[in-house]
Structures are given as structure tokens and as C-alpha cells.
Amino acid sequence: MSKIKVYHPRLYAFFQSKVINSMMIVINIALLMTGCTKDLIVPFSVASVSFLLALSYTVWFWIKRPQRIVINSWLSNMSGYFSFYFLSVGAMKNLNELWFIFPAIIGVCLLFVNLIKNHDEVFNISTREISALNQV
């Protein structure tokens, strides 16, 4: 692995964390599904549970201060794309249902690919080094 220069290692590990980025994708998909469902209870409850899980992970991360965190830069990039898609679709009016169903299908496929392909790395916060997950 190549060395990267990180000025605030805990913040870098938080934003590249696999858990936070997975929860953000689930939140974006759930909120996008409000555009094509007649009942808002299911998408909002899924988004609320995902938000509470992300919030509890955030509290755990900043209070307990673990020394090593599993990060996934590929998933972090995909989470950014989903957030951008959510913001751009949210700004449009009179959309077809495919604008809402397409990211749900892609998001589920993305999370399954993330389970199969190993893009995970372990970031050691104290030494600022990244190592492959299967070597730890």
C-alpha cells in the first residue's frame, strides 16, 4: 500500500469508514423511494433506523476512540455519488418513477458487490498506516 498524508487521522477514518458510507447509501435509497411509494411510513422508518445506526456508530467512534477502523475508499466514493444523485433528483420536478427505482436497484447491487469484492482496508489511526484487511 502506498503511504498517504493524513492531517487528521481520526476524521479521515470516520469519513472513509465502511459503516458510515453503507448507512449513507441506505439512507439515500430510502429517501429516494419516497418519490415512488404511496405510503411514506416504510421509507421513512428505514431511513430513520439507518440514521440512528449511523448516529450510534458516530457516538461510539468519537467516545470510545478505537485505534483501528475498517475503511473502504471505493464505497466512500460511491456514497458521494449517491448523495449527489439524491440532491439532483430532489431538486427536479415532475419525475418519472424510474428516477427513483434505478438508484434503488443500483444501490442494492452496489452493496452486494461490496460484500463480494474485498476493497476493505484497516486504517491504524495512531500510526496513520493502511493495511489490507486479510493481513491483520
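Residues numbered from 1 in each chain as written. Predicted model: local features only at pLDDT ≥ 70, side-chain atom pairs only at ≥ 80, totals over all residues. Heavy atoms only, no water.

> Hey, could you run me through the overall build of the chain in this one?
Of regular secondary structure, the chain possesses 5 helices and 3 strands. Mapped from its N terminus to its C terminus, the chain presents α and β elements in the order α-α-α-β-α-α-β-β. Expressed as lengths along the three principal axes of its C-alpha atoms, the size of the chain is roughly 50 × 30 × 25 Å. A buried classification covers 35% of the 136 residues belonging to the chain. When contacts within the chain are restricted to residue pairs at least 6 apart in sequence, those whose partners lie at least 24 apart make up 75%. Accessible surface computed for the chain: about 8700 Å², of which carbon and sulfur atoms make up 68%. Charge centroids of the chain, computed over 11 positive and 5 negative side chains, lie 11 Å from each other. (Helix = DSSP H or I, 4+ residues; strand = E, 2+ residues; numbered from the N terminus. Buried < 20%, exposed > 50% of the residue type's maximum accessible area, 1.4 Å probe, protein only. Contact = heavy atoms within 4.5 Å. Areas by Shrake-Rupley, 256 points an atom, 1.4 Å probe, with all protein chains shown as cover. Lys, Arg positive; Asp, Glu negative; His and termini not counted. Charge placed at Lys NZ, Arg CZ, Asp CG, Glu CD.)

> Explain the sheet that holds strand β1 (residues 68-71) here, please?
Read across the open sheet, the 3 strands follow the order β1-β2-β3; overall the sheet is antiparallel. Across the chains shown, the open sheet's two edge strands, defined by having one partner strand only, are β1 and β3 (129-132). Within the sheet, the average angular offset between the axes of one strand and its neighbour, ignoring direction, is 30°. Relative to β3, strand β2 (residues 121-124) runs antiparallel, the two sharing 4 bridges. By the bridge assignment, F123 is partnered in β3 with I130. (Pairing = 2+ DSSP bridges. Axes fitted to C-alpha atoms, helices over the stretch in contact; angles between N-to-C directions.)

> Even after reading the chapter, I still don't get the packing of helix α2 (residues 18-32) against helix α3 (residues 41-64), so can you show me in this structure?
The description of two helices packed together rests on the angle between their axes and the distance between the axes. Between α2 and α3, the shortest axis-to-axis distance is 8 Å and the interhelical angle comes to 160°. One element, α2, and the other, α3, form an angle in the roughly antiparallel class. By crossing handedness, the relation of α2 to α3 is classed as left-handed. Contact residues: α2 offers V19, I20, M23, V26, I27, A30 and L31, while α3 offers P43, F44, V46, A47, S50, F51, L53, A54, Y57 and T58. Tallied by class, residues from the contact of α2 with α3 come to 15 nonpolar, 2 polar and no charged. (Parallel < 35°, antiparallel > 145°, perpendicular 65-115°, else oblique. Left-handed = near helix turned anticlockwise from the far one by under 90°. Nonpolar A, V, L, I, M, F, W, Y, C, P; charged D, E, K, R; others polar.)

> I'm lost on unusual backbone geometry in this one. Help?
Outside of glycine, negative phi angles account for most residues, and trans bonds account for most peptide bonds. The phi dihedral of R65 falls on the positive side, at around 55°, and the residue is not glycine. Looking at the element boundaries, R65 is found in the loop between α3 and β1. Given the relative accessible area of 46%, R65 is considered partly exposed.

> Explanation requested: α2 in the structure shown.
Since the α-helix advances by 3.6 residues per turn, residues separated by three or four positions end up pointing in the same direction. Its 15 residues place the ends of α2 21 Å apart at the C-alpha level, agreeing with the 21 Å of an ideal helix rising 1.5 Å per residue. In terms of burial, α2 is a largely internal element, 11 of the 15 residues being buried. For α2, the full list of buried residues reads K18, I20, N21, S22, M23, I25, I27, N28, I29, A30 and L32. Residues of α2 that are buried in the fold lie against α1 (9-15), α3, β1, α4 (73-91) and α5 (98-116). Regarding α2, its N-cap is S17, as a side-chain oxygen of that residue lies 3.4 Å from the backbone nitrogen of V19 further along. (Expected span 1.5 Å × (residues − 1). Polar contact = N/O pair within 3.5 Å; in protein donor to acceptor, adjacent residues only side chain to side chain.)

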